[in-house]
Amino acid sequence: MSQTLQAVRGMNDILPEEAEQWEEFEDMLRDWLRAYAYRPIRMPLVEPTPLFARAIGAATDIVEKEMYSFIDSLNGEELTLRPEGTAGCVRAVLQHNLLYDGPKRLCYLGPMFRHERPQKGRYRQFHQVGVEALGFAGPDIDAEQILMCQRLWDDLGLTDIRLEINSLGQVEERSRHRADLLAYFEERSELLDGDAKRRLHSNPLRILDSKNPAMQEMVEAAPKLIEYLGEESLAHFAGVQALLKDAGIPCRINPRLVRGLDYYNLTVFEWVTDRLGSQGTVCAGGRYDGLIAQLGGKPQPACGFALGIERLLALWREQGGAAPRIAPDVYVVHQGEQAYRFAFRVAEGLRDSGFAVQLHCGGGSFKAQMKRADASGAALAVIIGDIEAAANEVSLKPLRDESKQQRRVAFDQLAEAIGELLFD
Ligand code: ATP
Ligand code: MG
């Protein structure tokens, strides 16, 4: 006997019970995105590998060790399963010249791939909602994106998510900070772990992001980027904070918030919860004014964020907000040759009227069929025997309400009768 095949480690099947919850969630997301005038865009799951090295930065976790890259054996192209959406979105925007008539608000939802160690809240295929505002320079759009997140948490009934923000300033400000940071770490090199030593010259800012408890004290006391920001950067940061204050959204300025990707500048933010253990960041984003030019476009400012859907759903579930299972309205049970043919007409007729109908297929005793009807979660059973079929009638039986009786209904009045039972 051959062994059953398993899914790739870290890549999950989302089974119907859960997939229905996803769909409910995605419906809410679409309404939410429309409320802020973001329009959908869909990019391929596979992009040319150089796109990510160029967009995300060669010295980042993602590009260093998390990408599913491969050579297309048919034509030798270097390809990568997308580890995030911003690079591909900007690539698409440039390729199709979408900014020709002004700024754009774009959004997408879909799987991302990173070769990480799988654990709760961390998978190799996971899903993100990405929100990108391209061509906007001011702090207004940064603040609006943060308000937007707050609205989603409110819509979902989520509490215990807190906002952390920081400003990464501009390139020149970062490079002055970087020089001082480098000197600071070099003086204390005996305290650096392997990861930090490796990053020291490629990406010292990322050392601030380290979660190694042994390094916390030293990292805490390191030079803070915010002290290197010039007037304009500070004004932008203050502008974001003022709008957050107006909206009543509390936030913590976290000077160590540097984000994993190279392309950020000025505002960066994360939404974090303590309810999901160590994978507590549900949403992360910020401004990336340099990326469009870096990918060959005319320089344009931009700001965006990504939500981790698995983590957000886990939090939603944890806070009791999960949607109920979506059951059919009606389950059609039938017994007899004539009834069998009539049941198809009845089911299609009810679907014409807009009802969700599960037609019993596969035969079986009346009792067994009624058991299935019950298990389906349907509110009503339509029961058809040859006698009913001959009279162009059915029996309509409420399955969830003991106070309501089974009764005979003519086929041409069935939709109306069901409507009354379901909605009155
Ligand atoms: P982390 O520090 O947790 O690795 P990150 O900085 O790599 O996160 P981003 O690239 O900013 O994450 O992605 C945005 C969001 O996508 C994260 O806040 C998280 O909610 C989600 N996410 C990132 N990587 C994964 C993953 N491997 N599995 C599940 N969700 C993920
Ligand atoms: Mg990561």
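These figures come from a predicted structure and were not determined experimentally.

**Observations regarding the nonpolar core**
Phase 1 of the analysis: Ranked by size, the top nonpolar core spans 48 residues in total, and within it I56, L134, F185 and L208 carry the most contacts.
Phase 2 of the analysis: Counting only elements with at least two residues in this core, the list comes to α2 (49-56), α3 (61-66), α4 (86-95), β5 (104-113), β6 (125-134), α6 (171-187), α8 (216-220) and α10 (291-294).
Phase 3 of the analysis: Ranked by residue count, the leading element in this core is α4, at 5 residues.
Phase 4 of the analysis: Once you skip the residues sitting within four places of it in the chain, L134 turns out to touch V90, V93, L99, P103, K104, L106, Y288, I292, P301 and A302.
Phase 5 of the analysis: One finds F136, L158, L312 and W316 within the second-largest nonpolar core, a separate group that totals 40 residues.

**Section: the site of ligand 1**
Phase 1 of the analysis: Close contacts around ligand 1 come from 15 residues, with R114, E116, R122, R259 and T281 the closest.
Phase 2 of the analysis: One nitrogen or oxygen atom from the side chain of R122 is found 2.8 Å from an oxygen atom belonging to ligand 1.
Phase 3 of the analysis: For ligand 1, whose free accessible area comes to 580 Å², the fraction covered by protein is 89%.
Phase 4 of the analysis: Taken together, the elements giving at least two residues each to the shell around ligand 1 come down to β6, β10 (281-287) and β11 (302-308).
Phase 5 of the analysis: Of the residues forming the shell around ligand 1, the biggest block, 4 residues, is contributed by β10.

**A short note on the sheet that holds strand β16 (residues 407-410)**
Backbone hydrogen bonds hold the strands of a sheet together, and the pairing may be parallel or antiparallel.
Phase 1 of the analysis: Overall, mixed pairing links the 5 strands, which are arranged β13-β12-β14-β15-β16 in an open sheet. Each edge of the sheet is formed by a strand with only one pairing partner; in this case those strands are β13 (357-359) and β16. Averaged over all pairs of adjacent strands, the angle between strand axes in this sheet comes to 30°, irrespective of strand direction.

**Quick word on the sheet that holds strand β9 (residues 265-272)**
Phase 1 of the analysis: Across the sheet, which stays open at both edges, the 8 strands sit in the order β1-β5-β6-β11-β10-β9-β7-β8 with mixed pairing between neighbours. What marks the edges here is a single partner per strand, and that holds for β1 (39-40) and β8 (251-253).
Phase 2 of the analysis: The pairing of β10 with β11 spans 5 bridges and is classified as antiparallel. For R287, the partnering residue across the bridge sits in β11 and is C303.
Phase 3 of the analysis: Sheet strands in contact with helix α1 (residues 16-35) are β5, β6 and β11, and its direction is about 5° off that of β6.
Phase 4 of the analysis: Here helix α5 (residues 139-156) sits on the sheet and contacts β5, β6, β7 (162-167), β9, β10 and β11; the angle it forms with β11, its principal contact strand, is near 20°.

**With respect to the packing of α1 against α5**
Phase 1 of the analysis: Closest axis-to-axis distance for the α1/α5 pair is 11 Å, and the angle between their directions is 140°. In terms of orientation, α1 and α5 fall into the oblique class. Crossing handedness for the pair α1 and α5: right-handed. Together, F25, M28, L29, W32 and L33 of α1 and M148, C149, L152, D155 and L156 of α5 make up the contact between the two elements.
Phase 2 of the analysis: Residues that form the contact of α1 with α5 fall into these classes: 9 nonpolar, no polar and 1 charged.

Conventions used here
Residues numbered from 1 in each chain as written. Chains lettered and ligands numbered in written order. Predicted model: local features only at pLDDT ≥ 70, side-chain atom pairs only at ≥ 80, totals over all residues. Heavy atoms only, no water. Core = buried A, V, L, I, M, F, W, Y, C linked by side-chain atoms within 4.5 Å. Buried < 20%, exposed > 50% of the residue type's maximum accessible area, 1.4 Å probe, protein only. Helix = DSSP H or I, 4+ residues; strand = E, 2+ residues; numbered from the N terminus. Contact = heavy atoms within 4.5 Å. Near = heavy atom within 4 Å. Polar contact = N/O pair within 3.5 Å; in protein donor to acceptor, adjacent residues only side chain to side chain. Areas by Shrake-Rupley, 256 points an atom, 1.4 Å probe, with all protein chains shown as cover. Pairing = 2+ DSSP bridges. Axes fitted to C-alpha atoms, helices over the stretch in contact; angles between N-to-C directions. Parallel < 35°, antiparallel > 145°, perpendicular 65-115°, else oblique. Left-handed = near helix turned anticlockwise from the far one by under 90°. Nonpolar A, V, L, I, M, F, W, Y, C, P; charged D, E, K, R; others polar.

The values reported here are purely geometric and, on their own, carry no functional implication.
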